[in-house]
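Close look at the chain arrangement
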Amino acid sequence: MTADMQQRFSNLGEGDIDVLIIGAGINGAGLFRDLSAQGINCLIVDKGDFGSGTSAAPSRLIHGGLKYLETGEFGLVAQSTLERNLLLKNAPHCVEPLPTFIPVFSWTRGIWAALRTLFGSKTAPRSRGAVLIKIGLGLYDFFGSRDRVMPRHRLILKRQARKEMPHVTPAIVAGGIYYDAKISRPERLVYELVRDGCDANPKSLAANFATLDSVEEGRLTFRQADGSSFFAKPKLVVNAAGPWIDHVNTALGAPSHLIGGTKGSHILLDHPELVRSLNGHMIYFEADDGRICLVYSYLGLALVGSTDIPADDPDNVLCEEPETDYFLESVRSLLPTLRFDRDQIVYSYSGIRPLPASDATAPGLISRDHSAPVKEPDGNRPFPIVSLVGGKWTTFRGFAEEVADTVLSRLQHSRRESTRYLAIGGGKGFPVDGEKRGHWIKDLAAKGGVTIERADELLSRYGTTAAPILTFASVQSDDTRLTGAPRHSFREIDWIARNELVVHLADIVLRRTTLAIEGRLTIEGLREIAGIAAAALGWDAARTENEIADVTGQLSRFHGQTLTSTAPAAGREKTPRPASG
């Protein structure tokens, strides 16, 4: 935290904060930005880093929810496809179109099962045939027509389908191709939303690694990582703690039972042959047990996901061995001519979806829609609590807008501006066409003293934030690169450490950058990053060593990644895995 922001926390008075948001995941961050843009003085806090919980564990898709058509959630599909289209415009630095291939194994199967599900059956349909998929994709195109930026779907026969996806099993009879989108850096986008909120209203504040210490007569006290504390006495509290919502409400004196989460796990494979064969496409397929799975290229790796298992311990969630076996068996069945083994796994991750409490027998049938129930003030609690339940990554802006309008009404404020076409973070001023991009890159290269290729690389990684990264005063050089990650420089790490509300080393390698998930960290590279952060943040030798140990521990325990002293030729770490039992 900068000295200026720390001073502002120290000087907080009882009437300085209108709305307190607890939880800085995608929903909380989106609401923080929206309310701050309306002139509301907001404080957002998280017990961890911004975007470090469930928001760091998605399938990294920005999708309209094709599967939700089966459960009749047409309103959710309409909102999701619109928000997907808007994100392609508002965050072009990290959201891009994703052509998606659906393998089809029959012509008519699944129609009656889908109708039963549509009318409320508690069992999920299996084996969706070409007729059903054609109808579904047609509806999907219809709902996605607002602010459309991508082509419509097409259905292709077996010969053409296997030409496009050469390793797909010959058991298919056809294939569908439609368009969704993917996000390259979801954790970073959460931070950018928080940063945008702080910039929109200088009286708004953000604190990561701030734990709730006490609640007394409407006054909430938080303790920070450095041992200091601050308090707020808000007019309204928003509980955006995701799977921790019920825990937070209990701590606030308003017990609830709102969340019934499920676990979603993913693995990333170093598999160049698979990545090449996908040709930029995702395969969205039905596994042998009927679950919908996916595989697509993510930053040069193959991302495979995901599971949907009832779970309720978000602090200790990780991808377990049976899930890994499930993924590998699923892609072996789908792509029988390719090899899939544990030695290809670079990284794994898992998170708990904060879904609404439900009695559905199949986790996939639990609604992905959102709601915002309110607990009104009582004698011991003078503020109302709005809990953000459910939702999905794609719909965060629309959800935030709905809740912001509710909050504004309660505070008797009016909306100043819409966020519908409001660019996010490095998406501001992003050059979207080739000519503008060429001019922007050439100008940045001249100002930053780097090659055009390097300016282009940084624009792709950080959006227009690349400009301050290359032009700020730093003792670090952009020519000095990290061991094992030669496309990342000391200078960009220095900028992040000094300017992006970093508290711990893990914030840099797990969230402000994609170094860890790409498998580009070596122990030497991690030590170099720690040294840069120590100089920027004033860590002593003992603190620096503790930070390094914490990162290596997190990577080993939660992501199946062990750092070594030498990087492989591709610049990625292999992940030692025990043999399957």
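Residues numbered from 1 in each chain as written. Predicted model: local features only at pLDDT ≥ 70, side-chain atom pairs only at ≥ 80, totals over all residues. Heavy atoms only, no water.

**Comments concerning the overall build of the protein**
For the protein, the helix and strand inventory stands at 18 helices and 23 strands. The globule rule puts the C-alpha radius of gyration for 581 residues at 25 Å, and the 24 Å found for the protein is close to it. Overall, the C-alpha framework of the protein stretches about 70 × 60 × 55 Å when taken along its three principal axes. The buried share among the 581 residues of the protein stands at 59%. Look at the contacts in the protein between residues 6 or more apart in sequence, and 71% of them connect residues 24 or more apart. Carbon together with sulfur atoms contributes 53% to the accessible area of the protein, which is approximately 22600 Å² in total. Each charge class in the protein was averaged separately, 66 positive and 68 negative side chains, and the resulting centres sit 6 Å apart. (Helix = DSSP H or I, 4+ residues; strand = E, 2+ residues; numbered from the N terminus. Rg over C-alpha atoms; globule rule 2.2 N^0.38 Å. Buried < 20%, exposed > 50% of the residue type's maximum accessible area, 1.4 Å probe, protein only. Contact = heavy atoms within 4.5 Å. Areas by Shrake-Rupley, 256 points an atom, 1.4 Å probe, with all protein chains shown as cover. Lys, Arg positive; Asp, Glu negative; His and termini not counted. Charge placed at Lys NZ, Arg CZ, Asp CG, Glu CD.)

**Notes on the nonpolar core**
Core analysis: the biggest nonpolar cluster contains 72 residues, and Tyr 347 and Ile 529 have the highest contact counts within it. Of all hydrophobic cores here, the second largest spans 70 residues; its members include Leu 12, Ile 40, Leu 205 and Ala 232. (Core = buried A, V, L, I, M, F, W, Y, C linked by side-chain atoms within 4.5 Å.)

**Section: helix α10 (residues 321-334)**
In a regular helix each residue adds 1.5 Å, so 14 residues correspond to 20 Å; α10 covers 20 Å between its end C-alpha atoms and thus fits that length. Those residues of α10 not exposed but buried are Glu 323, Thr 324, Phe 327, Leu 328, Ser 330, Val 331 and Leu 334. Projected onto a plane normal to the axis of α10, the buried residues spread over an arc of 160° and lie on a single side. (Expected span 1.5 Å × (residues − 1). Arc of directions from axis to C-beta.)

**As for the pattern of salt bridges**
What the rule picks out here adds up to 42 salt bridges. Two residues, Asp 49 and Arg 512, come together in a salt bridge whose shortest N-O distance is 2.8 Å. Note that Asp 49 is positioned in the loop between β2 (42-45) and β3 (61-62) and Arg 512 in helix α16 (residues 505-512), a separation of 463 residues in sequence. Between Asp 494 and Arg 498 there is a salt bridge, and its shortest N-O distance comes to 2.8 Å. Here Arg 498 and Asp 494 lie together in helix α15 (residues 490-499), a separation of four residues that amounts to about one turn. Among the residues examined, Arg 498 registers a relative accessible area of 38% and is labelled partly exposed. One connected set of salt bridges, linked through shared partners, spans Arg 454, Glu 457, Arg 461, Asp 478, Arg 481, Arg 487 and Glu 492. (Salt bridge = Lys/Arg side-chain N within 4 Å of Asp/Glu carboxyl O.)

**Details of helix α11 (residues 396-410)**
Between the first and last C-alpha of α11 there are 21 Å, a value that for 15 residues agrees with the 21 Å anticipated at 1.5 Å per step. Among the residues of α11, Phe 396, Arg 397, Gly 398, Phe 399, Ala 400, Val 403, Ala 404, Val 407 and Leu 408 are the ones counted as buried. Following α11 by one or two positions, Gln 412 adopts a phi angle in the positive range, close to 60°.

**Points about the pairing of strand β8 (residues 210-216)**
Of the strand pairs in this sheet, β8 and strand β9 (residues 219-224) are connected by six bridges, and their pairing is antiparallel. Directly across from Val 215, in β9, lies its bridge partner Leu 220. As consecutive antiparallel partners, β8 and β9 are separated by two residues, and within that stretch Glu 217 has a phi angle of approximately 55°, a positive value. (Pairing = 2+ DSSP bridges.)

**Structural notes on the packing of aromatic side chains**
In total, this model carries seven aromatic pairs according to the counting rule given. Ring centres of Tyr 140 and Tyr 178 lie 5.6 Å apart, and the angle between their planes is 85°; on these two criteria the pair is classed as edge-to-face. In this pair, Tyr 140 sits in helix α5 (residues 130-143) while Tyr 178 sits in strand β6 (residues 174-183), placing the two residues 38 residues apart along the sequence. We classify Tyr 178 as buried; its relative accessible area is 2%. Judged by centre distance (5.5 Å) and plane angle (20°), the rings of Phe 222 and Phe 230 are stacked. The same class applies to Phe 222 and to Phe 230, which are both buried. Members of the aromatic cluster, connected to one another through ring pairs, are Phe 74, Phe 142 and Phe 143. Of note, Arg 60 hangs over the ring of Tyr 349, and the distance from its end group to the ring centre comes to 5.2 Å. Above the plane of the ring of Phe 231 lies Arg 219, whose end atom (NZ or CZ) is 3.5 Å from the centre. (Phe/Tyr/Trp six-rings, centres within 6.5 Å; stacked < 30°, edge-to-face > 60°. Lys NZ or Arg CZ within 6 Å of the ring centre and 35° of its normal.)

**As for the sheet that holds strand β19 (residues 374-375)**
One open sheet accounts for six strands, arranged β7-β2-β1-β11-β20-β19; its pairing is mixed. A strand with exactly one partner marks an edge of an open sheet, and here the two such strands are β7 (205-207) and β19. As paired strands, strand β11 (residues 236-239) and strand β20 (residues 385-387) are joined by three bridges and run parallel to one another. Looking at β20, one finds that Val 237 is bridged to Ile 385.

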